[in-house]
Amino acid sequence: MSSITTELPAMDATREENVYLLCKTLCENGVADATGSDLFVVFISNEKKQVPLWHQKASSRADGIVLWDYHVICVQRKKESDSEPLVWDLDSTLPFPSPLASYVTETIQPSFQLFAEYQRFFRIVHAPLFFKYFASDRRHMKEPDGSWTAQPPPYQPIVAQDGILHNLSEYIAMSGADTLSSLDPDTVRVAISQKLGVVVSHTQLQDLFIKLP
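Sequence positions are assigned chain by chain, starting from 1 and proceeding in written order. Residues qualify for local features only when their pLDDT is at least 70, as the model is predicted, and side-chain atom pairs are given and counted only at 80 or more; totals for whole chains, interfaces and linings, by contrast, use all residues. With hydrogens and water set aside, each side-chain value is computed from the structure's full complement of heavy atoms.

A.B. asks: Whenever I open this one, the overall build of the protein chain confuses me. Can you help?
C.D. replies: Tallying secondary structure elements over the protein chain gives 6 helices and 8 strands in all. Secondary structure elements are defined from DSSP: runs of H or I of at least 4 residues count as helices, runs of E of at least 2 residues count as strands, and each element is numbered from the N terminus. Helices and strands in the protein chain line up, N terminus first, as α-β-β-β-β-β-β-α-β-α-α-α-β-α. Rg of the C-alpha trace for the protein chain: 16 Å, near the compact-globule value of 17 Å for 213 residues, within the 12% margin. In terms of principal-axis extent, the alpha carbons of the protein chain reach across some 45 × 40 × 35 Å. The burial tally for the protein chain puts 48% of its 213 residues in the buried class. If you take every contact in the protein chain between residues at least 6 apart in sequence, the share linking residues at least 24 apart comes to 66%. Note on areas: these come from Shrake-Rupley sampling with a 1.4 Å probe, and a residue is covered only by the protein chains present in the view. Carbon and sulfur atoms make up 52% of the accessible area of the protein chain, which amounts to about 10300 Å² in all. By the counting rule applied here, Lys and Arg register as positive and Asp and Glu as negative, while His and the ends of each chain are not counted. All charge positions are set by atom: Lys at NZ, Arg at CZ, Asp at CG, Glu at CD. Across the protein chain, the mean location of the 18 positive side-chain charges is 3 Å away from that of the 26 negative side-chain charges. Radius of gyration here is computed from C-alpha atoms only, and the compact-globule reference equals 2.2 Å multiplied by the residue count raised to the power 0.38. Residue burial is assigned from relative accessible area. The probe radius is 1.4 Å, only protein chains are included, and a residue is buried under 20% of its type maximum, exposed over 50%, and partly exposed in between. Every residue pair with non-hydrogen atoms within 4.5 Å of one another is taken to be in contact.

Here's what the structure looks like:
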């Protein structure tokens, strides 16, 4: 699996674009379904835009904790398999990929007591819908004067199939009020078919992938 990283373009500051390209690569090399039907893009954030995650490469601490404004990972769930969902996190020091259960334990650390404003929420978007609707013109990487906060990737920005140039803010906007009130299979099936997917809490995350159709 580690060979996947050698097939990706050089990583940069755009986490969402990196995961977009990761999903495309997994589809193209046969690790995932060609259409991405077994892949889900997961945005992690909250209203405060401060989400603690452990075992991150960007950390200088022994426990690897980083306080992200938002983070993006890929979760793979094969439909015709009893195997556990896998997490592909390009910024993690954990195995690549990692089983979802161990990733939640090590990276999310649900047993760690956090103040309410630091609770993590997860927007799960089915990859085929992400490929179709996501767009980023990288405006979030610019200072008010138009200069770049970091060197932008050398490839062209991602444009949605409907011509939208930028909608990243829609994907990272989430709060407790957005979470599903029920993980009933019918509710999950309808929610995951939406453009922006479904928002769940850390206590619902693993159960959601069990209930997915």
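Having seen it, we continue.
A.B. asks: Explanation requested: the side chain of arginine 123 in the structure shown.
C.D. replies: Along the chain, arginine 123 turns up in strand β7 (residues 121-126). Within the structure, arginine 123 has its side chain in polar contact with the backbone oxygen of tyrosine 171 (distance 2.9 Å). Of note is the side chain of arginine 123, whose polar atom sits 3.2 Å from the backbone oxygen of leucine 196. The definition of a polar contact used here is a pair of N or O atoms within 3.5 Å, where within protein one atom must be able to donate a hydrogen and the other to accept one, and adjacent residues in sequence count solely through side-chain atom pairs.

A.B. asks: So what exactly am I meant to see when it comes to empty space enclosed by the protein here?
C.D. replies: Over the atoms a probe the size of a water molecule is rolled, and this reveals where empty space is left. Cavities and pockets are defined on a 1 Å grid built over the protein atoms alone: a cavity is a set of grid points where a 1.4 Å probe fits but cannot escape, while a pocket is an open set with protein on both sides within 12 Å along at least five of seven lines, and lining residues are those with an atom within 4 Å of any such point. Grid points are joined across faces, edges and corners, and a volume is the space filled by probe spheres set on the points. In this structure the tally under the stated criterion is 1 cavity of 30 Å³ or more. Computed from the structure, the largest cavity encloses a volume of approximately 30 Å³. Looking at the largest cavity, the residues that line it are Val87, Trp88, Asp89, Ser92, Leu94, Pro95, Phe96, Ser98 and Tyr103.

Fair warning: the whole summary comes from geometry, so function is off the table for now.
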